[in-house]
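# Observations on chain architecture
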Amino acid sequence: MAVVSKFLSISSPSSPHFRKPRSSFTFNPVTSASPFTEKHSIERYRRESTWLSTNQLNRPVSFPPDLDPSSIREQDIALQLPELKRLLEVLREKRESGGGGGGGGGERGRGPGNVFLVGTGPGDPELLTVKAVRVIESADLLLYDRLVSNEVLDLVGPEARLLYVGKTAGYHSRTQEEIHELLLSFAEAGATVVRLKGGDPLVFGRGGEEMDFLQQQGIQVQVIPGITAASGIAAELGIPLTHRGVANSVRFLTGHSRKGGTDPLFVAENAADPDSTLVVYMGLSTLPSLAVKLINHGLPPDTPAAAVERGTTPQQRMVLAELKDLADEIAVAELVSPTLIIIGKVVSLSPFWPHFSKEVPALVEAR
């Protein structure tokens, strides 16, 4: 298996530089090697536990004694629940006094706040929209997912409160119903609430569910789209999702099974169209079954495919292989979530594809 240590080290004329240096990207030393905000980040606890230090609430805060994943949820709730209740009291008092909890005064301060569903893109903070940055900087409370990078969180204003509500396999810091109630409670208290989501809020982000719930409760919701992983990662690799004469459509598919098994959601025959591009989100565990189904539906086994872990970040790694070999090569490379899978002839248009023989797929790393 050929290995290239950095995209920037590829200097042949046929391989143009696709990556700009990310020298400003910094990492929290207490997190894992991932650039994403993981559930066991001590820094997250420190910031969230000091929410009310400037609001005349001086009760001492205790930090969780250990970060054992088996007890992290209980520690998380025990630590944050009292602070959430006290923060709501502060916001309600401000609203009742006319001070406003939503960044404005007067009549606006006595009414419900606004909720913004904000997409933060696939990982690179420079892919944020200008509108997203403005809303993040002016928020009172931000609820953020696991795939929101630390650099995005650095944009949060010093007076804002952060609440981690991320989900990962085997661990949900909050249930979806709890997230709904948190958004509603703080909006009713007059706060400007921002819900940060990796990628785009309305592409496999459950943003539609949150928007529907809040609108039914009379809360105004604004969606600020983000660059979804399919677009951001494909662009990073030089893969056009559609291309005249190669792919005339693109289809997004979740690899999750509703029942939590290894079988993906039903794959209709038109998903195996060789003239289309298929992009699979969250599909690592179900890819072996999905690949078989696609081939059985008529997609050629030698269809080019790519699997990209932590796309657009300095930790990006990718495997390029034919569809029939992709699952095996992913296993050899030990790619982990979040990984996006792109299947279709357009993958062969990437400047990285010609460098790898069909017999020996390649793992490419970028730091």
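Rules behind the numbers
- Residues numbered from 1 in each chain as written.
- Predicted model: local features only at pLDDT ≥ 70, side-chain atom pairs only at ≥ 80, totals over all residues.
- Heavy atoms only, no water.
- UniProt positions renumbered as here; feature names shortened; annotations may be inferred.
- Phe/Tyr/Trp six-rings, centres within 6.5 Å; stacked < 30°, edge-to-face > 60°.
- Helix = DSSP H or I, 4+ residues; strand = E, 2+ residues; numbered from the N terminus.
- Buried < 20%, exposed > 50% of the residue type's maximum accessible area, 1.4 Å probe, protein only.
- Salt bridge = Lys/Arg side-chain N within 4 Å of Asp/Glu carboxyl O.
- Pairing = 2+ DSSP bridges.
- Axes fitted to C-alpha atoms, helices over the stretch in contact; angles between N-to-C directions.
- 1 Å grid on protein atoms, 1.4 Å probe; cavity = no way out; pocket = protein on both sides within 12 Å on 5 of 7 lines; lining within 4 Å.
- Points joined across faces, edges and corners; volume = space filled by probe spheres on them.
- Nonpolar A, V, L, I, M, F, W, Y, C, P; charged D, E, K, R; others polar.

In the annotation of an unreviewed UniProt entry, the entry for the protein reads uroporphyrinogen-III C-methyltransferase, and the organism field reads Rhododendron griersonianum. Looking at the Sequence similarities (unreviewed entry) heading of the UniProt record, one finds this comment for the protein: "Belongs to the precorrin methyltransferase family."

## What about the packing of aromatic side chains?
Going through the model one piece at a time under the given rule, you end up with three aromatic pairs. Centre to centre, the rings of Phe252 and Tyr281 are 5.8 Å apart; their planes meet at 65°, and the pair counts as edge-to-face. Here Phe252 is found in strand β9 (residues 249-254), whereas its partner Tyr281 is found in strand β10 (residues 276-281), with 29 residues between them in sequence. By relative accessible area, Phe252 is classed as partly exposed at 32%. Taken together, Phe204, Phe252 and Tyr281 form an aromatic cluster joined through their ring pairs.

## What about the pattern of salt bridges?
Summed over all chains, the structure comprises nine salt bridges. Note that Arg310 is salt-bridged to Glu309, the shortest N-O span being 2.6 Å. Judged by its relative accessible area of 16%, Arg310 is buried. With its nearest N and O atoms 2.8 Å apart, the salt bridge here joins Arg317 to Glu309. You can call Glu309 buried: its relative accessible area is 2%. Each of Asp145, Arg195, Lys197 and Glu210 takes part in salt bridges that share partners, so that together they form one network.

## Focus: the sheet that holds strand β8 (residues 221-224)
Read across the sheet, five strands follow the order β4-β3-β7-β2-β8 without closing on themselves; strand pairing throughout is parallel. Two strands in the sheet have a free side with no partner beyond their single neighbour: β4 (161-164) and β8. Each strand of the sheet is rotated relative to its neighbour by a mean of 20°, with strand direction disregarded. Relative to strand β7 (residues 193-197), strand β2 (residues 115-119) runs parallel, the two sharing five bridges.

## Describing the pairing of β7
Of all five residues in β7, five are buried; the element is thus mostly enclosed. The sheet contact formed by strand β3 (residues 141-144) and β7 spans four bridges and is parallel. Bridging across to β7, Tyr144 finds its partner in Leu196.

## Some remarks on empty space enclosed by the protein
Tallied over the entire structure, the rule returns three cavities of 30 Å³ or more. Roughly 40 Å³ of internal volume is contained in the second largest cavity. Every residue lining the second largest cavity is listed: Ala271, Asp273, Ser276, Thr277, Leu278, Leu299, Thr303, Ile343 and Gly344. If you tally residues by element for the lining of the second largest cavity, the top one is β10, at three residues. A class-by-class count of the residues in the lining of the second largest cavity yields four nonpolar, four polar and one charged.

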